[in-house]
Amino acid sequence: MSAKSSAPTNGDTTKLVIVESPAKSRSIAKFLGDGWIVDSSVGHIRDLPRPSDLPTDMKKGPYGKFAVDTDDGFEPYYVVADDKKKKVTELRKALKTADELYLATDADREGEAIAWHLLEVLKPKVPVYRMAFTEITEEGIDRALENIRELDTDLVDAQETRRILDRLYGYEISPVLWRKVGPGLSAGRVQSVATRLVVERERERMAFVPASYWDITANFFTDSEESFAAKLSAIDDARVATGRDFNDDGQLKPKADVVHLDEASAQSLAGGLENAEFAITSLEDKPYRRRPAAPFTTSTLQQEASRRLRFTSRVTMQVAQRLYENGYITYMRTDSVILSSQAISAARNQATELYGGDMVPDKPRYYASRNAAAQEAHEAIRPSGDYFRTPSMVKNSLTADEFRLYELIWKRTVASQMVDATGYTATVKIGGTSAEATPRVAEFSASGTVITVLGFMKAYESDQKSVPGEKQTRDDARLPDMTESQILEARDVEAEGHETTPPSRYTEASLVAELEKREIGRPSTYAPTISTIVDRGYVRKRGSALVPSWTAFSVIRLLEEHFGRYVDYKFTARMEDDLDQIAAGQMDRQDWLAGFYFGSEQTVEGLKHTVENLGDIDARAINSIPVAEGITLRVGRYGPYLEQALPADAEEGSDPQRANVPEEMAPDELTSEVATEMIETAGPSERPLGTDPDTGYELVAKDGRYGPYVTQIIPDLTEEQIQAHKDAQPDEYYKNGRKKPKKAPKKPKPKTGSLLKGMEIATMTLDDARKILSLPRSLGTAADGEEITAQNGRFGPYLRKGSDSRSLESEEQLFTITLAEAEEIYSKPKQRRGRGQAKPPIAEFGNDPSSGKKVVIKDGRFGPYITDGSTNVTVPRGTAPEQVTEGQAFEMLAEKRAKGPAKKTKKK
């Protein structure tokens with residue numbers, strides 16, 4: 001049955017197919033013949049409006065707070081978005097000429113909801129069919145048409161419940177954050193829990209106390225001069241302590257029966273073993289077997305793409321979306337590892353063709369999903385079609401990032417149907433007695449894994465780090481042929497010191513793995529969740545690590561102390577399970593929402609009751625974190641800063657010593673020693689300079705979030721000044737005849753200016769401040785009638801004439817350049833900043849994995865930027881170019897390419 005001839009009706013009919021993506025509609029249209037019209041909704045066509053956007057008559061009604069009537073079954077009020085009204089008109093027009101309507105949105109809850117909204121808005125009078133594609137190929141479309149079904153209202157209910165739940169959660173809790181922490185913050189069911197995980201890991205790092213321990217390594221040689229390295233494993237039959245034997249307090253674990261070597265004992269033992277006689281005490285071989293990993297789910301694809309390709313979760317999903325819409329892979333939002341029978345056959349056949357029949361097991365491999373409620377899609381992510389296209393077949397039709405991700409998916413899918421990798425692990429133990437005053441028996445050990453049958457590794461290269469939780473081994477270590485009791489010679493016996501390290505920060509990959517492990521969120525939520533916590537400023541990226549901001553510490557503390565249930569990991573996971581039950585038709589959505597918001601016998605109290613009974617929250621305490629004796633970090637409106645407590649004998653009205661905390665400093669780097677040093681070396685945060693004789697205003701120098709600056713202190717207007725201003729205003733009238741009220745004068749906005757190079761707050765003078773505030777400086781009117789001014793901007797000193805600006809060479813010119821000199825500069829052709837003399841790159845890296853071009857960091861007109869010659873991305877504000885790593889540079893370029901070119905804003 002071909003897609004071009006399939007249809008559930010007789011005769012010549014016009015069939016309208018609606019999908020959610022224009023790219024998807026173009027791909028599907030290629031497989032459908034005459035009589036088919038394929039259009040797209042471009043995502044959701046309607047949603048819950050913001051309460052402020054509700055019609056005036058609804059703002060004071062039951063919908064006024066959430067656009068959801070919580071008193072009447074949680075009935076939502078939907079509106080068609082302004083930017084979708086034209087699209088709805090187009091779809092209605094297309095529907096008028098159609099005899100049948102096919103709603104072909106994605107096969108998950110979101111796709112089902114989009115189909116339902118289309119049905120509600122379009123109100124078709126023709127037969128309607130629901131179908132879904134797991135892959136956009138001819139055979140995939142054939143199967144979709146063979147499995148026409150009704151709209152699944154349970155899935156719609158689950159999506160609607162999730163949407164309303166997120167609205168209730170965000171709109172009740174976020175305002176508390178605005179009042180007590182800072183404006184613009186938000187709380188979310190999954191984002192807040194993800195942020196809590198990152199903050200808790202940073203707390204562990206801050207509380208971590210490193211412990212030191214020593215070990216000994218040596219190179220052992222046989223009679224034939226074959227050698228291998230081994231490490232000290234035991235002394236007098238007692239195991240030598242390693243990093244895993246210490247707790248986070250820097251102490252040995254209570255049950256650790258080990259020998260803890262310090263530097264002195266390790267050096268003494270190493271010296272005593274230099275001329276000792278060693279013999280093999282044990283030689284053991286164990287069989288090694290490793291099974292291929294299951295095909296990709298959404299989360300495992302994001303994790304693997306992060307590790308192998310250095311893609312962010314957002315980039316991975318953007319690239320996968322394009323691959324799916326253009327027919328290269330199956331649907332990319334799934335938590336299932338199951339492959340269809342056609343896919344299993346395709347993978348086995350391709351493995352046989354490329355690697356040989358002995359690389360394929362006699363029977364197909366089947367994988368089981370960890371999540372029993374895996375309903376987001378029917379299959380794992382795999383190459384589309386009943387015959388897979390090899391990477392070489394698609395290389396010329398894909399972008400570099402698309403090819404790399406497709407190749408990864410293809411390798412994983414084919415490898416999943418291949419035989420195990422097998423071999424053996426050899427372990428050798430070597431004993432010797434030290435020549436010390438008190439001789440000790442030392443045991444060294446070494447092991448190596450030898451792969452004799454590569455199996456699936458022929459398709460999917462060995463990468464132990466790619467399998468979370470799997471014990472890592474060395475696949476490349478080989479030991480020489482030896483026998484028990486054989487004498488060996490030890491050389492280069494050396495003592496080595498080590499320190500335990502704090503728990504690693506989360507990366508995008510490990511955070512996704514942790515969320516999945518705790519069953520929090522679903523595949524479609526991971527990428528937007530991570531993007532949200534980064535965009536909100538809760539987390540920033542340092543290389544691949546996720547570092548929480550101090551604002552995140554305040555937010556999480558408030559949520560833990562006053563909304564503990566709503567950031568509880570198990571509670572959040574149960575909510576996801578409940579949504580799955582609603583999707584399966586096993587739970588009523590209205591009853592569940594009522595229990596969540598109003599409370600029930602099981603939940604005791606709901607969100608509404610929690611918010612109404614918060615009591616008084618001490619905002620100062622929420623935003624304060626003790627970091628040293630008498631020193632507190634405070635999260636202020638303009639960023640974090642340190643504040644030292646005033647001594648008991650301080651004069652009344654004294655200001656405490658303060659110091660700004662650099663934005664790039666990670667919380668675990670702010671130790672008590674660092675905090676104390678910052679306070680001791682901090683200059684005055686505000687220094688009066690005197691009164692400006694020209695304005696009568698007092699001038700002060702301050703240390704601000706973005707550096708030191710000077711500003712005017714303008715006093716409030718007196719009652720006499722306000723009244724005099726009103727009296728001076730003429731009577732004016734509106735056109736409708738109503739008298740225009742006289743407005744009180746506004747307090748003038750103070751002039752400010754950043755300190756020039758070489759200036760410091762401690763040495764600023766009144767004249768320096770007046771000099772800075774004199775800018776911009778008018779040079780006069782040019783011959784063409786335009787005024788020329790000298791100004792100091794973000795990117796340095798410059799001249800401005802109308803909209804034409806020219807750079808100056810130094811700040812001193814701001815005060816010395818004349819009109820004639822400025823006109824001479826404007827008489828020459830305009831050059832870009834620095835064009836006259838090419839600057840060397842700030843940093844140089846290797847070739848970009850996607851473009852193959854050399855990557856460098858350059859100093860541009862608008863600041864430092866990363867480039868491979870074709871793609872440019874600005875170095876993030878607050879990040880020194882010298883701190884950018886090669887991997888970070890590759891990752892930022894990949895994310896920029898995935899976003900595509902910037903869209904031009906149309907002028908109204």
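Since we're looking at a predicted model, the values are computed, not measured.

> Now, about the packing of aromatic side chains: what can you tell me, with residues and values included?
Enumeration over the complete set of coordinates arrives at 20 aromatic pairs. Aromatic pair Phe220 and Phe444: ring centres 5.4 Å apart, planes at 65°, arrangement edge-to-face. In this pair, Phe220 is assigned in strand 9 (residues 212-221) and Phe444 in strand 14 (residues 441-453), connecting sequence segments 224 residues apart. Taken together, the ring pairs in this structure connect Tyr169, Tyr566, Phe571, Trp592 and Phe596 into an aromatic cluster. Between Arg167 and the ring centre of Tyr171, over which it is positioned, the NZ or CZ distance is 4.3 Å.

> Can you break down the pairing of strand 23 (residues 698-704) residue by residue, with the values?
Examined bridge by bridge, strand 22 (residues 686-691) and strand 23 share 5 bridges and lie antiparallel to one another. For Glu686, the partnering residue across the bridge sits in strand 23 and is Lys702. Counted along the chain from strand 22 to the antiparallel partner strand 23, the turn is 6 residues long, and its residue Gly696 has a positive phi close to 85°. Two strands pair when backbone bridges link them, and strand 23 and strand 24 (residues 707-713) are joined in this way by 7 bridges, in the antiparallel orientation.

> Break down the sheet that holds strand 33 (residues 872-874) for me, citing the residues and quoting the values.
Across a sheet, paired strands are connected by hydrogen bonds in the backbone, their directions being either parallel or antiparallel. A sheet is described by the order of its strands in space; here 4 strands give the open sequence 30-31-32-33, paired in antiparallel fashion. The open sheet terminates on both sides in strands that have one partner only, identified here as strand 30 (843-847) and strand 33. Across this sheet, the average inter-strand angle for adjacent strands is 25°, counted without regard to direction.

> Describe in detail the confidence of the model for the chain, supporting the description with residues and values.
Looking at the chain as a whole, its pLDDT mean stands at 87, while 91% of the residues score no less than 70. Low pLDDT, under 50, characterises residues 1-10; the predicted model gives this stretch 28 contacts beyond four residues in sequence or across chains.

> Report on the sheet that holds strand 1 (residues 15-19), specifying residues and quantitative values.
Within the open sheet, the 4 strands sit side by side as 2-1-7-8. Their pairing is parallel. Looking at which strands have only one partner, the edges of the open sheet turn out to be strand 2 (36-40) and strand 8 (128-130). Direction aside, neighbouring strands of the sheet carry axes that sit 20° apart on average. Where strand 7 (residues 100-103) and strand 8 come together, 3 bridges link them in parallel fashion. Each residue of the ladder has a partner; that of Leu101, found in strand 8, is Val128. Here helix 1 (residues 22-29) sits on the sheet and contacts strand 1 and strand 2; the angle it forms with strand 2, its principal contact strand, is near 165°.

> Before we move on, can you summarise the environment of Gln251 with the specific residues and values?
Position of Gln251 relative to the elements: it lies in the loop between strand 11 (238-239) and helix 7 (263-273). It is 6.9 Å that separates the C-alpha atoms of Gln251 and Ala211, two residues lying 40 residues apart in sequence.

> Please provide a residue-by-residue account of unusual backbone geometry, values included.
With an omega of -5°, the peptide bond between Leu775 and Pro776 qualifies as cis. Checked against the element boundaries, Pro776 lands in the loop between helix 22 (766-773) and strand 26 (777-781). Positioned with a positive phi, Asp237 is a non-glycine residue whose angle comes to about 70°. Considering the arrangement of structural elements, one finds Asp237 in the loop between strand 10 (227-235) and strand 11. Residue classification places Asp237 among the exposed residues on the basis of a relative accessible area of 82%. The phi angle at Glu519 is positive, at roughly 60°, despite the residue not being glycine. Inspection of the secondary structure puts Glu519 in the loop between helix 13 (508-517) and helix 14 (523-535). We classify Glu519 as partly exposed; its relative accessible area is 37%.

> Now, about helix 12 (residues 400-415): what can you tell me, with residues and values included?
Between its terminal C-alpha atoms helix 12 stretches 22 Å, which fits the 22 Å expected from 16 residues at 1.5 Å a residue. Most of helix 12 sits out of view: 14 of its 16 residues are buried.

> I'd love a proper account of the nonpolar core, names of residues and values included.
Counting 74 residues, the largest nonpolar core has Phe596 and Leu642 as the members making the most contacts within it. Among the elements that make up this core, the one with the highest residue count is helix 5 (residues 153-180) (9 residues). Each residue touching Leu642, except ones within four places of it in the same chain, is listed here: Val627, Ile631, Thr632, Leu633, Gln657, Arg658, Ala659, Val661, Leu670, Ala675, Met678 and Ile679. Val38, Tyr102, Ala144 and Val419 belong to the second largest nonpolar core, which has 62 residues in total.

> Got a sec to walk through the pattern of salt bridges? Specific residues and values, please.
Taken as a whole and judged by the stated rule, the model has 52 salt bridges. Across the pair Arg658 and Glu643 runs a salt bridge whose closest N-O atoms are separated by 3.0 Å. Taken together, the residues span a long stretch of sequence, with Arg658 in strand 21 (residues 658-660) and Glu643 in strand 20 (residues 639-644) at a distance of 15 residues. Assessed through its relative accessible area of 29%, Arg658 is described here as partly exposed. The exposure class of Glu643 is buried, given its relative accessible area of 8%. Beyond isolated ion pairs, a larger network of salt bridges with shared partners links Glu135, Arg143, Glu379, Arg382 and Asp386.

> Could you give an account of the side chain of Ser416, with specific residues and numbers?
With respect to the helices and strands, the residue Ser416 is situated in the loop between helix 12 and strand 13 (421-433). The exposure class assigned to Ser416 is buried, which follows from its relative accessible area of 0%. Within the local environment of Ser416, its side chain forms a polar contact with the backbone oxygen of Thr413, the two atoms lying 2.6 Å apart.

> Run through the packing of helix 6 (residues 191-207) against helix 13, naming residues and quoting values.
At a minimum axis separation of 11 Å, helix 6 and helix 13 run at an interaxial angle of 120°. The handedness of the crossing between helix 6 and helix 13 is right-handed. The residues of helix 13 that touch helix 6, namely those facing Ala194, Leu197 and Val198, are Leu511, Glu514 and Leu515. In terms of residue class, the contact of helix 6 with helix 13 is built from 5 nonpolar, no polar and 1 charged.

> Would you mind going over the environment of Ala270 in detail, with residue names and values included?
Assignment of secondary structure puts Ala270 in helix 7. For the pair Ala270 and Asp72, spaced 198 residues apart in sequence, the C-alpha separation works out to 79 Å. Leave out the neighbours within four places in its chain, and Ala270 touches Ile216, Val493, Glu494 and Ala495.

> If you had to explain the packing of helix 5 against helix 16 (residues 569-583) to someone new, which residues and values would you point to?
Their axes nearest at 7 Å, the elements helix 5 and helix 16 cross at an angle of 150°. Across the interface between the two elements, Asp154, Leu155, Asp157, Ala158, Thr161, Arg162 and Leu165 of helix 5 pack against Met575, Glu576, Leu579, Ile582 and Ala583 of helix 16. For the contact of helix 5 with helix 16, the residue count by class is 7 nonpolar, 1 polar and 4 charged.

Calculation criteria
Residues numbered from 1 in each chain as written. Predicted model: local features only at pLDDT ≥ 70, side-chain atom pairs only at ≥ 80, totals over all residues. Heavy atoms only, no water. Phe/Tyr/Trp six-rings, centres within 6.5 Å; stacked < 30°, edge-to-face > 60°. Helix = DSSP H or I, 4+ residues; strand = E, 2+ residues; numbered from the N terminus. Lys NZ or Arg CZ within 6 Å of the ring centre and 35° of its normal. Pairing = 2+ DSSP bridges. Axes fitted to C-alpha atoms, helices over the stretch in contact; angles between N-to-C directions. pLDDT = per-residue confidence, 0-100. Contact = heavy atoms within 4.5 Å. Buried < 20%, exposed > 50% of the residue type's maximum accessible area, 1.4 Å probe, protein only. Expected span 1.5 Å × (residues − 1). Core = buried A, V, L, I, M, F, W, Y, C linked by side-chain atoms within 4.5 Å. Salt bridge = Lys/Arg side-chain N within 4 Å of Asp/Glu carboxyl O. Polar contact = N/O pair within 3.5 Å; in protein donor to acceptor, adjacent residues only side chain to side chain. Left-handed = near helix turned anticlockwise from the far one by under 90°. Nonpolar A, V, L, I, M, F, W, Y, C, P; charged D, E, K, R; others polar.

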